[in-house]
Structure formats: C-alpha cells, structure tokens
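Secondary and tertiary structure notes
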Amino acid sequence: MIELKVERMTCGSCAAKVRAAVIEVTPNARMEIEIATGTLRVEGEADEARIRTAIEQAGYGIA
C-alpha cells in the first residue's frame, strides 16, 4: 500500500482531481482519499513515482 499526504487538497473538487490523475496511471488500483487529513492511500499494482508525478501535474504537492 502507498500512503501519501497531498498538499492543497482541501475539498471534494480537489479530491476528484487527484482521483482522476491517479486513475490515469493506476486504473486497476483501489484508492481511498481523506480530505480532512489530505491523505491518499492506493492499494494494488501501483508505481509510487508515477502517482507522485500525476498528482503534481494535476497541481498538487506531496508532503
């Protein structure tokens, strides 16, 4: 499991953008997003470097 703290993810719209970005690089992975803590968890076959890049390209940072 990959767990990342996503910076500037503060609302449902932000979470939807992060989810869409991650789905692009890991379409079959299971994902959980907690807006209150800014936490993203991804389970399954997932490449952390690709996930980080996708999130950053969507305009968010990783703590």
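Residues numbered from 1 in each chain as written. Predicted model: local features only at pLDDT ≥ 70, side-chain atom pairs only at ≥ 80, totals over all residues. Heavy atoms only, no water.

Structural notes on the environment of R30
Quick reminder of the rule: Strands are runs of DSSP state E lasting at least two residues, helices are runs of H or I lasting at least four, and both sets are numbered from the N terminus onward. A 1.4 Å probe rolled over the protein chains alone gives each residue an accessible area, and that area as a share of the maximum for its type sets the label: buried under 20%, exposed over 50%, partly exposed in between. Contacts between residues were defined by any pair of non-hydrogen atoms, one from each residue, lying within 4.5 Å.
Along the chain, R30 turns up in strand 2 (residues 30–34). Exposure remark for R30: the relative accessible area of 57% places this residue in the exposed category. Once the C-alpha coordinates of R30 and G12 are considered, the two residues, 18 residues apart in sequence, prove to be 18 Å apart. Here R30 is in contact with R41, V42 and E43, once residues within four sequence places are set aside.

Quick notes on the nonpolar core
Inclusion rule: What makes a nonpolar core is a set of buried Ala, Val, Leu, Ile, Met, Phe, Trp, Tyr and Cys residues whose side-chain atoms join them at distances within 4.5 Å.
By size, the foremost hydrophobic cluster in this structure holds 17 residues, and its most contacted members are V6, V18, V22, L40, V42, I51 and I55. If you list the elements that add at least two residues to this core, you get strand 1 (2–7), helix 1 (12–25), strand 2, strand 3 (39–43) and helix 2 (48–57). Looking at this core element by element, the count peaks at four residues for helix 1. With near-sequence residues (within four places) excluded, V42 lies in contact with M1, I2, V22, A29, R30, M31 and I51.

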